[in-house]
Amino acid sequence: MTRFASRLDNVQASAIRELFALLGKPGIISFAGGFPDAALCDAEGIAAASQQAISRYPMVALQYGASEGFAPLREWIAGSMSSPGAATEAARIVVTTGSQQAIDLLGKVLLEPGDVALVEQPTFLATIQAFRLYGARLIGIPTDADGADVDALERLIAQHSPKLVYLIPTFGNPSGGLMTQERRRRVVEIARHAPQTVFVEDNPYGELWFDRPPPASIYSVAAADRELVDRFVYLGSFSKILTPGLRCGWMAAPADLLARAVMVKQFADANTSTLAQVTTYCYLDSGRLPATVERVRRVYSDRARAMGDALDAKFPVNSLRFERPQGGLFYWVRVAGDVDAPKLIRAGVDRGVAVVPGSAFYAEQPDAQTMRLSFATAGSDAIEQGVARLADAYRELGGRPS
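Notes on the structure in this doc start here. On a predicted model such as this, the values are computed, not experimentally measured, just so you know. (Residues numbered from 1 in each chain as written. Predicted model: local features only at pLDDT ≥ 70, side-chain atom pairs only at ≥ 80, totals over all residues. Heavy atoms only, no water.)

Attention shifts here to helix 7 (residues 150-160). What helix 7 keeps buried is the set Val150, Ala152, Leu153, Leu156, Ile157 and His160. Take helix 7 and look down its axis: the buried residues cluster within an arc of 150°, on one side only. Looking at helix 7, the residues exposed on the side facing more than 90 degrees away from the buried face are Arg155, Ala158 and Gln159. Looking at the buried side of helix 7, the elements it contacts are strand 3 (116-121), strand 4 (137-144), strand 5 (147-148), strand 6 (164-167), helix 8 (181-192) and strand 7 (198-202). Trailing helix 7 by a residue or two, Ser161 shows a phi angle of about 45°, which is positive. (Buried < 20%, exposed > 50% of the residue type's maximum accessible area, 1.4 Å probe, protein only. Helix = DSSP H or I, 4+ residues; strand = E, 2+ residues; numbered from the N terminus. Arc of directions from axis to C-beta. Contact = heavy atoms within 4.5 Å.)

Next comes the structure, spelled out in structure tokens:
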């Protein structure tokens, strides 16, 4: 019998991926996926960029590359992260195979069995899985619509001396929450008094704002202090604004951490696809990205509004608790009536609509009455129909408002 590594005992298969197996029947409306709408990708521009990548940089795009990444792309990323008085150098950047690889690299270079990592409650499922794979003990930070509770964060750091803190402060997955500027500044001040802890800011959704841009990133606030910024790591991605198919993300980190991350990246894939990196750079260099992002924001804003309106209209008053997101891809919903949410989710699949159980996103003490709904890949009509099906399932289960 095959003897597998014992570290696999600490992780489970993704509840989201397993749910996809139920989605093959015709006519199902899915709010389950956490991915962007491929129809919004600038296929024409990406095709032109891929041709330019080969014609302009053939000896780079078609060959192995530096593990740190394609130098012009790293320069572009550093420039995009810089602000007056808070510059980011390309030397701090490593291009990764999606920002999810960066999460795995952090687990490899920072976490040992028994180390404490603080994560938002709820948080990105893949982060929970990756950190547990390396033996970390995960402790949840309470959150609300304004992001992580920074008072609780300060107490938890004092109590546990964590190896790292992982935050998604801007339109988080799954919560959709947006941390206030005041709380972001508090995180930086907390870090000033926690030299033993690395603070990780994951920001794949920051460009997907609807009515107004979000506050400045935590990393940019910290970057004004050249010593303090070495306590921070920033993760970014082109997946949600360009295309996930290129699998280009990045990590900005202090030199000592970056060197170790590059080393273990070499063990995994040598380098992120050079063709993908050069294609990404050529697209960025073409100047097409701003118009693409503006179109994506407009569509997602309309779909988010349609979902919120449908949830209000189709479900009984006070049967659900949710905040309308200010950006990103998700609604985070709590079933507040007397219906068991897992049963509602299963009944929804039977009626032809799929959502993700919220309990999968908790590192500890999961709230089984929660669920995540993505509006990214469904049009307004499908959103209204899908929410109506879920509301019908709610009533079928005898749901009454609380």
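This part takes up the sheet that holds strand 14 (residues 370-374). The sheet built from 4 strands is open, its strands ordered 10-11-14-13 with antiparallel pairing. In this open sheet, the two strands that pair with only one neighbour each are strand 10 (320-322) and strand 13 (356-357). Sheet analysis places strand 10 next to strand 11 (residues 330-335), joined by 3 bridges and oriented antiparallel. Following the sheet pairing, Phe322 is matched in strand 11 by Val333. Along the sheet, helix 13 (residues 341-351) makes contact with strand 11, strand 13 and strand 14, crossing strand 14 at roughly 35°. (Pairing = 2+ DSSP bridges. Axes fitted to C-alpha atoms, helices over the stretch in contact; angles between N-to-C directions.)

With that settled, consider the environment of Ser301. In this structure, Ser301 sits in helix 12 (residues 289-314). Note: C-alpha distance between Ser301 and Leu329 (28 residues apart in sequence) is 9.2 Å.

With that settled, consider the sheet that holds strand 3. In spatial order, the strands read 2-9-8-7-6-3-4-5; together these 8 strands make up an open sheet with mixed pairing. With partners counted over all chains shown, the strands left at the sheet margins are strand 2 (93-97) and strand 5, one partner each. With 4 bridges connecting them, strand 8 (residues 232-237) and strand 9 (residues 248-252) associate as antiparallel partners. The residue bridging Leu235 from the neighbouring strand is Met251, located in strand 9. Relative to strand 2, helix 4 (residues 71-81) is tilted by about 110°, and along the sheet it contacts strand 2, strand 8 and strand 9.

All right, on to empty space enclosed by the protein then. Under the counting rule described, the total for this entry stands at 2 cavities of 30 Å³ or more. As a volume, the largest cavity reaches approximately 80 Å³. The wall of the largest cavity is formed by Glu120, Pro122, Thr143, Asp144, Gly147, Ala148, Ile168, Gly172, Asn173, Pro174, Ser175 and Gly177. Of all the secondary structure elements, the ones that give two or more residues to the lining of the largest cavity are strand 4 and strand 5. A per-class count over the lining of the largest cavity returns 4 nonpolar, 6 polar and 2 charged. Estimated volume of the second largest cavity: approximately 60 Å³. (1 Å grid on protein atoms, 1.4 Å probe; cavity = no way out; pocket = protein on both sides within 12 Å on 5 of 7 lines; lining within 4 Å. Points joined across faces, edges and corners; volume = space filled by probe spheres on them. Nonpolar A, V, L, I, M, F, W, Y, C, P; charged D, E, K, R; others polar.)

The tally for this structure, following the rule as stated, stands at 22 salt bridges. Of the charged contacts in the structure, one is a salt bridge between Arg56 and Asp285, with a shortest N-O distance of 3.5 Å. Placement of the pair is Arg56 in helix 2 (residues 43-56) and Asp285 in helix 11 (residues 274-286), with a sequence separation of 229 residues. Taking relative accessible area as the criterion, Asp285 reaches 43% and is therefore assigned partly exposed. Arg186 is paired through a salt bridge with Asp151; the nearest N and O atoms lie 3.1 Å apart. Placement of Arg186 in helix 8 and of Asp151 in helix 7 is noted, with a sequence separation of 35 residues between them. Classification of Arg186 as partly exposed rests on a relative accessible area of 28%. Connected via shared salt-bridge partners are Glu89, Arg92, Arg226 and Asp230. (Salt bridge = Lys/Arg side-chain N within 4 Å of Asp/Glu carboxyl O.)

Two numbers describe how helix 2 lies on helix 11: the axes approach to 8 Å, and their chain directions differ by 115°. With respect to their mutual orientation, helix 2 and helix 11 come out roughly perpendicular. In this structure, helix 2 crosses over helix 11, and the sense of that crossing is right-handed. In contact with Gly45, Ile46, Ala49, Ser50, Gln52, Ala53, Ile54 and Arg56 of helix 2, helix 11 contributes Leu275, Val278, Thr279, Tyr281, Cys282, Tyr283 and Asp285. Residues belonging to the contact of helix 2 with helix 11 are distributed by class as follows: 9 nonpolar, 4 polar and 2 charged. (Parallel < 35°, antiparallel > 145°, perpendicular 65-115°, else oblique. Left-handed = near helix turned anticlockwise from the far one by under 90°.)

Attention now goes to unusual backbone geometry. Cis geometry is adopted by the peptide bond preceding Pro122, which originates at Gln121 and carries an omega value of 15°. You can see Pro122 is positioned in the loop between strand 3 and helix 6 (125-133). With an omega of 15°, the peptide bond running from Asn173 to Pro174 counts as cis. Mapped onto the secondary structure, Pro174 falls in the loop between strand 6 and helix 8. Phi at Ser161 is positive, roughly 45°, even though this residue is not glycine. Here Ser161 shows up in the loop between helix 7 and strand 6. Looking at Ser161, the relative accessible area reads 46%, which means it is partly exposed. Positioned with a positive phi, Gln365 is a non-glycine residue whose angle comes to about 45°. Counting through the fold element by element, Gln365 comes out in the loop between strand 13 and strand 14.

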